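# Commentary on secondary and tertiary structure
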Amino acid sequence: MNKFKHFIGQSFIGGILVIAPIVILLLALRWAVNAVQSLIAPLTEPLVKISGAPPALIDVVVIALILFACFVVGTLVATSAGRFAQGFIDRHLSRFAPGYRLIRDILQQMFGNDSNSPFTRGEVAIVQLYGRDVPTQATAIVTSRHDNGWFSVFVPTGPNPTSGFVYHLPSDCVTLRPDIKLDAAFKSIIACGAGSAELGVCRNNDSPLSAE
């Protein structure tokens, strides 16, 4: 009887683990579609009334036009005239919309358009935040090197690696790990540490890969 109950329980839990992610993904997709439709509604609703075409078709056309516009703007800002126009717009928008520059910088960091973005150019390191005498370690991304030998590092929080803390540490508290790729480090952070053993993040800091 106990084996039968265990079998039923395990089957039920196994079914939930298979079905629940699919349901959550579908709900997330529905939310994303509804959000996009709400954003583009001022453009699609007049077109639907004028053309009489199905709303879904108009949605696809408008999204395609927006993506094409992004491509064209991206191509233009790669030119000297485009960079001048972008700088002019940035300066004026920053005066009238103080939050514009912050949003722009965050997006540049996120999508790697900023050459100093830790998400594209950072180095993985294992740091001892509380000094060499305290064995506690954290996975970090080196964001800056200082003339006095110190490092500025970004320590992401799991499971959201885009938030975290910035620390300034001496070189003896930073062990560079060029053998760990940036995407692998972020993957372990998103997984709340799962996979860290395979990366070997907890080896001795006296390794020859130390920042010293």
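Up top is the structure these notes are about.
Scoring rules and cut-offs
Residue positions are given per chain, counting from 1 as you read along its sequence in written order. Note on the predicted model: pLDDT of at least 70 is required for a residue's local features to be given, and 80 or more for side-chain atom pairs to be given and counted; whole-chain, interface and lining totals, by contrast, use all residues. Calculated side-chain values reflect all of the structure's heavy atoms, with hydrogen atoms and water omitted. Secondary structure counts use DSSP, requiring at least four H or I residues in a row for a helix and at least two E residues in a row for a strand, with both numbered from the N terminus. Buried, partly exposed and exposed residues are distinguished by accessible area as a fraction of the type maximum, computed with a 1.4 Å probe on protein chains only: under 20%, between the cut-offs, and over 50%, respectively. In what follows, a contact means two residues having at least one pair of non-hydrogen atoms within 4.5 Å. A 1.4 Å probe and the Shrake-Rupley method give the accessible areas. Residues count as covered only by the protein chains that appear here. Side-chain atoms within 4.5 Å link the members of a nonpolar core, which is a set of buried Ala, Val, Leu, Ile, Met, Phe, Trp, Tyr and Cys residues. Pairs of strands are assigned from DSSP output, requiring at least two bridges between the strands. Orientation is described by lines fitted to C-alpha atoms, with helices fitted over the stretch in contact, and by angles between N-to-C directions that extend from 0 to 180 degrees.

## Examining the overall build of the chain
Counting its regular elements, the chain contains 7 helices and 5 strands. Across the 212 residues that make up the chain, the buried fraction comes to 24%. Long-range pairs, those at least 24 residues apart, make up 42% of the contacts in the chain with a sequence separation of at least 6. A total accessible area of about 14,800 Å² is found for the chain, and carbon and sulfur atoms account for 68% of it.

## A short note on the nonpolar core
Val127, Val153, Val155, Leu169 and Val174 are the most contacted members of the largest nonpolar core, which has 13 residues in total. Looking at this core, the elements that each hand over two or more residues are strand 1 (123-127), strand 2 (138-145), strand 3 (151-156) and strand 5 (174-176). If sequence neighbours within four positions are ignored, leucine 169 has contacts with Val127, Gln128, Leu129, Trp150, Phe151, Val153 and Val174. Listed in part, the 9 residues of the second largest apolar core include Val124, Ile180, Leu182 and Ile189.

## What to know about the environment of glycine 82
Inspection of the secondary structure puts glycine 82 in helix 3 (residues 80-96). Those residues in contact with glycine 82, other than ones at most four positions away along the chain, are Leu76 and Val77.

## Observations regarding the environment of glutamate 123
Mapped onto the elements of the fold, glutamate 123 is located in strand 1. Note on glutamate 123: relative accessible area 31%, which makes it partly exposed. Each C-alpha atom of the pair glutamate 123 and lysine 181 lies 8.3 Å from the other, and the pair is 58 residues apart in sequence. If we skip the residues at most four places from it in the chain, glutamate 123 touches Ala140, Ile141, Val142, Arg145 and Leu176.

## Structural notes on the sheet that holds strand 4 (residues 164-169)
Strand order in this open sheet of 5 strands is 4-3-2-1-5, and the pairing throughout is antiparallel. Each of the sheet's edge strands pairs with one partner strand only, and the pair in question is strand 4 and strand 5. Recorded for the sheet is a direction-independent mean angle of 40° between the axes of neighbouring strands. Pairing between strand 2 and strand 3: 4 bridges, direction antiparallel.

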